[in-house]
Structure formats: structure tokens, C-alpha cells
Amino acid sequence: MSYSLLELKGVGEKSLLKLRKIGIKTVEDLLFHLPIRYQDKTKITNISNTEEGKKYLLQGVVEKANIAFYKRRMLVVRVSDKTGFVRLRFFYFNKSQIENFKIGSNVRCYGEIRLSNKVKEIVHPECQFFKKNNAPILEEYLTPIYPATDGLNQNSLRKIIKQSLVLLKNKKISFPELLPKEVLKKYKLIDVNSAIFNIHNPDKNTRYEDLVSSENKNKKRLVFEELLSHQLVFKRIRSFNKTLKSFQLDNNNKPINILIEKLPFKPTKSQMTVMDEIIKDMQKITPMTRLVQGDVGSGKTLVALFGALHAISNGYQVAFMAPTEILSQQHYQSIKLMLKSFNINISLLYGGMKVKEKEVIIEDIKLGNTDLIIGTHALIQNQIKFYNLALVIIDEQHKFGVHQRMTLTSKGKNSETFPHQLILTATPIPRTLAMTLYGNLDYSVIDEMPMGRKKIDTIALSEDRRNEIFKRIILKCKEGNQVYWVCPLINESEVMECKAAISTYEELNNKLKELNVGLIHGKMKMNEKEKVMNDFRNKKIDLLVSTTIIEVGLDVPNATVMIIENSERMGLSQLHQLRGRVGRGEKKSTCILIYKTGLSELAKNRIDILRKCSDGFDIAKEDLEIRGPGEILGKKQKGDINFKIANITRDYKFIKDTKNCVDIISDKTSESLVSRWINEEIEIGKS
Ligand code: ADP
Ligand code: MG
């Protein structure tokens, strides 16, 4: 029996719809809408006792408030208590907010302390104003914060969840125990009903530090169950995949050996091992689903090409999908060149193509005249039918959403036969994390760099040393090197990013008259981008100003200097990716990280890590510590795994334990666990 949400006070038809949107249909579902964090508003801290990077509830008097213009318009307020002062900064504000901050008024605010030129500040704090001697009462308990829900604010969510908790407490609602007794005992897990109750409603004595640790008994219990449910899904997908049929290829390596002989270099051992794994997979009757991980520059394209050549030699079609147009263009050019002595028809397909051209290509794909199709997302558009697609290669998979990946899989459906799937990624995530994210995939690692690569020198320079950087660039270019200058803007729109690149381009074009400066960004047409990239490849451009569209995959070995602006605001893994655009040939390369003056300790540490470390896996580990998996994998990855409570950074030590439990859970319990924790629409990999 489930409880209807309409029985809760404050839930009407409107909120019912909003709740439904996030998968909450019953009161039971609501209780499984778990807090993602907590705020401690139980005490006021003296401003002098606050530390950078932590959140506090502060209380003081407004001393100053004015509208300032730095790079943009903002409201800046100075609030002080007896022990010190803090600066509040608002980028979005209205008239009434300005009026609230009258000099002398009393305010209580909550937010994270940052240091800006040694001054403590909070950006967009939550504020509560009050009359002297009439301060609002403090919270008695830690305040749970729930995942955002469109149109339902935290307060209304908290109100309705509180009512459901009463039902739980009075045993009107009770969740069945799905974990076997032996598991509960072995891993010291408490019962599910108390865990749910306490996680929403931490008791008075619970300290904030306890709640954020993975050892908190309520949290541990739920995290364990959630991770286990994901493992169960993986198991299900794996056994489902085993029931599917694919194209059984032979093990004749001859074409690959011919290709290897024609290469200007010898493949690394690691590349050969992974190639073997791929060929073995494709000999099976079930579809391959293999993830190949390799650091930037480790030579993943060649490995994929081996697979493609193998499938084509067996008489089948192959689709090779890349996340950007310039990358698919690059693959098209380089693969065409590498396969030129083979009788293979290759075509390129992308969104911005002329309709007529596209139609011809699509027709050829359908008739089987094309063997290898390289392209962007355009490849998964509905009107494209394949003749006999046996292998799908997805390059830089972290840039694709789950759904895009799945569509292509079902595309190849040909009288119940599914294509093999090979996924390439440069996001070097630690193995345990990979197992959680891609537990349904087989997994190969290219753990060796081609011979002769030199370590990239990484240096950090503050923005006021721009002129020095210019001198260096001119010198480098005179020696025949080429340079990337990347202008990323974080948390801003693509349009803004393009604007930043354009204005930097204008600046550099003006100042560096002796160099040929080029510009590339996402808003340009495909043929314009293509021309710029070709000019860069052919050394007609010395310095290429760009947005982050060059982040993945590009390969111009003569480019040896990478300059990254706003580097203090970027994730380590993303910086590592960008840096990986250089150091791809035999020449020594340099990466210059430009940062704004006044770096925090944290930012300095991060730049240090990058300077010392050239291995993507090590960097990812550090990044995992600092920012968590969601951040490493980038925003676009979000759809991949959507935990209700587990946090891989914090909890990945439980993954092994949950894997060990998979086989003792009955099919029926497994089904209940999966439906308790995993929304159908995000059930990963179910293709
Ligand atoms: P990534 O793994 O980042 O996709 P690429 O496949 O683009 O790397 O390869 C990077 C560069 O290294 C390319 O120019 C490629 O031709 C070259 N390369 C690949 N394998 C080898 C090898 N075994 N020896 C030397 N160079 C190689
Ligand atoms: Mg690549």
C-alpha cells in the first residue's frame, strides 16, 4: 500500500505535477528524496573565527552598501560584528534588496567565506533582516538541503517531507528490509527505516562533521543499498547483453598487419594488447561493449582504426562518432590518409552539411556503398539507415550523453542483430570509479605513451605578465613552433566564450603583428572551422586563438605551446586535456597557465599538482579529492549516473563490498532494490 501525496498538507494538483516530474509519485518516493547536504544554522559564528572555504551563519550591522562597477555591475555591502567585517557581493539584485541594506540595519547571513585580496567575502549569501533586540530564533537541528526541484523551493519541500516523517515514525509507512540479514551483520548496517528517518531529521546531537563523513551510520546504510542497486543493474545489463546477437567476425589479422607495416611508427605494446582484446570480442556472437581508456596522446584513434579495418575487411560497415565537427573532420582526413592503400569507401557526415550532399551520403550508407562513416551527432539522426552496421566507435565518450550513445546502438538493429560497440575516452578516471560508472562495460586501458614523447613544461604566470608571454611566443614561433591560446569561460554561455575568444583574437592580432594569428570558435560555420584548422595544420597560422572547442581530440604535432587563460577557475582534468593538445610530437612543449592575481591557496595547490604531474590518472585522483566525480566528468556527464545519496569521492570504498553481495541477492529482491533506487529513465546502459 502506498500513501497518496494528496494526503499531505500543502500538496495540491500543481505541486503534484512538479513532484511527478522528478519521479516522486507517492509519499514513499518522497521519503527517498534524500538531502544532498546540510546547513548548520544552529549557531552564529564570530566573523574573526571564520575560515576560507567553509560556510557559516554570521550576524552583524550594515556599515556600507554601494553599487560598484568592476567587470560588471554589482552590489557590495560591508557588514561587521564585534570581531571583524565581511564583504557581501551580489551580481543579481533588485531595488528592494538595495533598500534592505540600509546603513545600521541588522542582518543575519549564511554563505561560504572566500578570500579576495585577503578580505573575507561571501558571494550571494542568504540574508535575513531584523530589528535590534528582535533577532530570529536559531534552528534547533541541522537543515537538510534537497536536490533542486523545478518550482518547488526548499521550504515547501521540507514542510511536506516533515509530514511524511511523522507517518514513518508512527509506522503508518514502513519500508521493507531488502538486505539479507547476513549482509546487515557483516557490514554493520542499521535498519532502513531508522536510516531514512535520521537522514532527513538529524537528531540534536549530530554534528555537522559526522553527517558529511561516510561513516555516519544512517548515511552508510543508504549509500550501501544504493551502490548495491547499481551493481545489480549492471549485472542485469550484462546478462541481457549476453542474450543479444551480434556479427561474428573472423580472426584474420592480415589487413591490420598490412596497415601496421605502412605506419611511420611502431604501435606500442599497449595498443597491440587492446587491439587483440577488441578482435577477440568481435569474434563472439554477443555484442562487444568495450570502453578503452587512455591518457591524452596515448594513440586511441589507431586502436579504433584497427577495429574498424577488421570489421570492414569482414564485409561490414563501421560508424565512427566524434563529439565535435572539427574532430570528425580531423579523423576523416587522417583516417583517409592511413587507409589510402585499401579499397575502402569513407564518408564524412555532419549537421551543417548542404542538404543535397547529405542526401547522397545517406543514400550510400543505406545501400552499403559506404564502408566507414565518420561524423558527429548527425550520425544518429533518424533518417539514417545502415546497410550492415557491425561496429560503432564512439570517440571521447564523456562528451556524449547516455541517450545519444544508446540511440546509435539501436540504430544498427538489423533483424535482431546488434553492432559491436567500442567507446574511447581520455578521461582517466580511477578504476574503481570506472567500475561504478561503466560497470556494464568491459574495460581496456592504454597505459603507455608512444616512444619519444617529452614531458610538457608547465608554468603558471599571472595576468600582469602578459607582455612577457608575448615575447616568449614570438620567439617560439620564429623557431618554427605553433601556439594555441585558449580562452575558456566557466559557467558562462557558449556565446560569451566566443566573445572572449574574439576579443582576445583582436588584442593579439594587434599586438603581435609579426605573427599570423587565427581564430576558431563554436559559432563558426563548419567550412570556416575547417579552413582555419587546415591553415593551422599547414603552418599558415602561427598562433591559434580558440574557445574550449579544441579541448578534445585535436592532433597537430607541430603545436608546442599551449596558453590557457582563466586557468584558476578550471578543473585539473580539463586543464590536463587542454595541455594534451601539445606534446604530441618529438619536440619539447610548454603549457602556460595564466591566472588572475590574488590566487587562493587552493588554486595555488592545484596549479602545483599540474606542474608536477603529467599522468592523467594521478591528476584525476587529485581532482576526485578536490571536486568530486561530477566535476571531473564535466556537466555533460551528469545524465550518466545520478546518485540519490552516494558520493563516489567519499564512498568509493564501499563499491567492492557491494560487488561482493551481488550474487547473494535473489532476483525478486534485486528487482525491488532497483526500483527503489533507480529511475527507469536514467537506468544506465539499458539499450
Ligand atoms: P589520443 O589517445 O589522445 O586520441 P591520438 O590517437 O590522437 O591520441 O594520437 C596522438 C598522436 O600520436 C597522433 O599523431 C598519432 O598519429 C600518434 N601515434 C599514435 N600511436 C603512436 C605510436 N605507437 N608511436 C608514435 N606515434 C603514435
Ligand atoms: Mg583522441
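Coordinates for the structure precede this section.
Residues numbered from 1 in each chain as written. Chains lettered and ligands numbered in written order. Predicted model: local features only at pLDDT ≥ 70, side-chain atom pairs only at ≥ 80, totals over all residues. Heavy atoms only, no water.

Focus: the overall build of the protein
Part 1 of the argument: From N to C terminus, the protein includes 25 helices and 24 strands.
Part 2 of the argument: Buried residues in the protein amount to 53% of all 687 residues.
Part 3 of the argument: Counting only contacts in the protein whose residues sit at least 6 apart along the sequence, the fraction spanning at least 24 positions is 76%.
Part 4 of the argument: Looking at the protein as shown, the accessible area adds up to about 33,300 Å², and 50% of this sits on carbon and sulfur atoms. (Helix = DSSP H or I, 4+ residues; strand = E, 2+ residues; numbered from the N terminus. Buried < 20%, exposed > 50% of the residue type's maximum accessible area, 1.4 Å probe, protein only. Contact = heavy atoms within 4.5 Å. Areas by Shrake-Rupley, 256 points an atom, 1.4 Å probe, with all protein chains shown as cover.)

Section: the site of ligand 1
Part 1 of the argument: Gly297, Lys300, Thr301, Arg453 and Asp555 are the nearest of the 16 residues found near ligand 1.
Part 2 of the argument: The separation between a nitrogen atom of ligand 1 and a polar main-chain atom of Thr268 is 3.4 Å.
Part 3 of the argument: Take Gly299: an N or O atom from its main chain is 3.0 Å from an oxygen atom of ligand 1.
Part 4 of the argument: When ligand 1 sits alone it has 570 Å² of accessible area, and the protein chains cover 85% of it.
Part 5 of the argument: Here the residues of the shell around ligand 1 sort into four nonpolar, six polar and six charged. (Near = heavy atom within 4 Å. Polar contact = N/O pair within 3.5 Å; in protein donor to acceptor, adjacent residues only side chain to side chain. Nonpolar A, V, L, I, M, F, W, Y, C, P; charged D, E, K, R; others polar.)

Examining the packing of helix 6 (residues 192-200) against helix 8 (residues 217-243)
Each pair of packed helices can be described by the angle between their axes along with the distance between the axes.
Part 1 of the argument: Where helix 6 meets helix 8, the closest approach of the two axes is 8 Å, and the angle between their N-to-C directions is 115°. Seen along the crossing, helix 6 lies across helix 8 with a hand that is left-handed. Two secondary-structure elements touch here, helix 6 through Val192, Ser194, Ala195, Ile196, Asn198 and Ile199 and helix 8 through Asn218, Lys219, Arg221, Leu222 and Glu225.
Part 2 of the argument: Classifying every residue of the contact of helix 6 with helix 8 gives five nonpolar, three polar and three charged. (Axes fitted to C-alpha atoms, helices over the stretch in contact; angles between N-to-C directions. Left-handed = near helix turned anticlockwise from the far one by under 90°.)

Things to note about the environment of Val183
Part 1 of the argument: Mapped onto the elements, Val183 comes out in helix 5 (residues 181-186).
Part 2 of the argument: Look at Val183 and you get buried, because its relative accessible area is 2%.
Part 3 of the argument: Taking C-alpha positions, Val183 is 9.7 Å from Asp657, a pair spaced 474 residues apart along the chain.
Part 4 of the argument: Look past the residues within four positions of Val183 in its chain and what remains in contact with it is Lys188, Leu189, Phe224, Cys661 and Ile664.

Here's the deal with the nonpolar core
Part 1 of the argument: Formed by 59 residues in total, the largest nonpolar core has its most connected members in Leu339, Leu349, Leu372, Ile393 and Leu422.
Part 2 of the argument: Those residues in contact with Leu372 that lie beyond four places of it in its chain are Ile312, Val318, Phe320, Ile335, Leu339, Asn345, Ile346 and Ser347.
Part 3 of the argument: Residues Ile161, Leu168, Leu179 and Ile678 belong to the second largest nonpolar core, which totals 56 residues. (Core = buried A, V, L, I, M, F, W, Y, C linked by side-chain atoms within 4.5 Å.)

Regarding helix 16 (residues 466-478)
Part 1 of the argument: Taking 1.5 Å per residue as the helical rise, helix 16 with its 13 residues ought to reach 18 Å, and the 19 Å between its terminal C-alpha atoms agrees with that figure.
Part 2 of the argument: Taken residue by residue, helix 16 has Arg466, Ile469, Phe470, Ile473, Ile474 and Cys477 as its buried positions. Along helix 16, the residues classed as buried sweep out an arc of 140° about the axis, all on the same side. Exposed residues pointing more than 90 degrees away from the buried face of helix 16 are listed as Lys471, Leu475 and Lys478.
Part 3 of the argument: Just downstream of helix 16, Gly480 is the residue with a positive phi angle, here 95°. (Expected span 1.5 Å × (residues − 1). Arc of directions from axis to C-beta.)

Points about the pairing of strand 11 (residues 289-294)
Regular strands place their side chains on alternate faces of the sheet.
Part 1 of the argument: Of all six residues that make up strand 11, six are buried, and the element is covered over most of its length.
Part 2 of the argument: Sheet topology places strand 11 next to strand 17 (residues 420-425); five bridges connect them, and they run parallel. Paired with Thr289 across the two strands is Gln421, which belongs to strand 17.
Part 3 of the argument: Note: strand 11 against strand 18 (residues 442-446), five bridges, orientation parallel. Residue pairing for strand 18: Gln293 is matched across the bridge by Val445. (Pairing = 2+ DSSP bridges.)

What to know about a nonpolar patch on the surface
Part 1 of the argument: Together, Ile67, Phe69 and Ile98 make up a nonpolar patch on the protein surface, roughly 270 Å² of accessible area in all.
Part 2 of the argument: If you trace the backbone, Phe69 turns up in strand 2 (residues 55-69).
Part 3 of the argument: Phe69 gets classed as exposed once you look at its relative accessible area, which sits at 60%. (Patch = residues over 30% accessible without salt bridge, like charges linked within 9 Å, V, L, I, M, F, W, Y side chains within 5 Å. Salt bridge = Lys/Arg side-chain N within 4 Å of Asp/Glu carboxyl O.)

Considerations on the sheet that holds strand 14 (residues 372-375)
Part 1 of the argument: The seven strands lie next to each other as 13-14-12-15-17-11-18, forming an open sheet whose pairing is parallel. Here the strands that pair on one side only, and so sit at the sheet edges, are strand 13 (346-349) and strand 18. Direction aside, neighbouring strands of the sheet carry axes that sit 20° apart on average.
Part 2 of the argument: When strand 12 (residues 317-321) meets strand 14, the two strands line up parallel, connected through four bridges. Bridge assignment links Phe320 to a residue of strand 14, and that residue is Ile374.
Part 3 of the argument: Packed on one face of the sheet, helix 13 (residues 355-367) meets strand 12, strand 13 and strand 14 and runs near 130° to strand 13.

Quick word on the pattern of salt bridges
Part 1 of the argument: Considering all chains together, one arrives at 24 salt bridges under this definition.
Part 2 of the argument: One salt-bridge network, held together by shared partners, links Glu177, Arg221, Glu225 and Arg676.

Some points on the sheet that holds strand 4 (residues 84-90)
Part 1 of the argument: Pairing is mixed across the open sheet formed by seven strands, whose spatial order is 6-7-4-3-2-5-8. Two strands close off the open sheet at either side, each with one partner strand: strand 6 (114-116) and strand 8 (126-130). Averaged over all pairs of adjacent strands, the angle between strand axes in this sheet comes to 40°, irrespective of strand direction.
Part 2 of the argument: Where strand 5 (residues 106-112) and strand 8 come together, five bridges link them in antiparallel fashion. Its bridge partner being in strand 8, Arg108 is matched across the sheet by Gln128.

Details of the environment of Glu139
Part 1 of the argument: Locating Glu139 in the fold gives a position in the loop between strand 8 and strand 9 (143-145).
Part 2 of the argument: Glu139 has contacts with Lys41 and Thr42, leaving out every residue within four places of it along the chain.

Section: helix 9 (residues 254-262)
Turn by turn, an α-helix covers 3.6 residues, leaving residues three or four places apart pointing in a common direction.
Part 1 of the argument: All buried positions along helix 9 are accounted for by Pro255, Ile256, Leu259 and Ile260. End-on, the buried residues of helix 9 take up no more than an arc of 140°, which puts them together on one face. The exposed residues of helix 9 that point more than 90 degrees off its buried face are Lys254, Glu261 and Lys262.
Part 2 of the argument: Contact partners of the buried residues in helix 9: helix 10 (269-283), helix 11 (300-313) and helix 12 (325-338).

Things to note about the packing of aromatic side chains
Part 1 of the argument: Tallying each qualifying case throughout the model produces eight aromatic pairs.
Part 2 of the argument: When the centroid spacing of 5.0 Å and the interplanar angle of 75° are considered together, the rings of Phe101 and Phe129 count as edge-to-face. You can see Phe101 sitting in the loop between helix 3 (95-100) and strand 5 and its partner Phe129 sitting in strand 8, a full 28 residues away along the chain.
Part 3 of the argument: Given a relative accessible area of 4%, Phe101 falls into the buried group.
Part 4 of the argument: Taking relative accessible area as the criterion, Phe129 reaches 29% and is therefore assigned partly exposed.
Part 5 of the argument: Centre to centre, the rings of Tyr187 and Phe224 are 5.0 Å apart; their planes meet at 35°, and the pair counts as tilted. Here Tyr187 is found in the loop between helix 5 and helix 6, whereas its partner Phe224 is found in helix 8, with 37 residues between them in sequence. A single burial state applies to Tyr187 and to Phe224, both of which are buried.
Part 6 of the argument: One aromatic cluster in this structure is built from Phe32, Phe175 and Trp677.
Part 7 of the argument: We note Arg78 situated over the ring of Phe85; from NZ or CZ to the ring centre the distance is 3.7 Å. (Phe/Tyr/Trp six-rings, centres within 6.5 Å; stacked < 30°, edge-to-face > 60°. Lys NZ or Arg CZ within 6 Å of the ring centre and 35° of its normal.)

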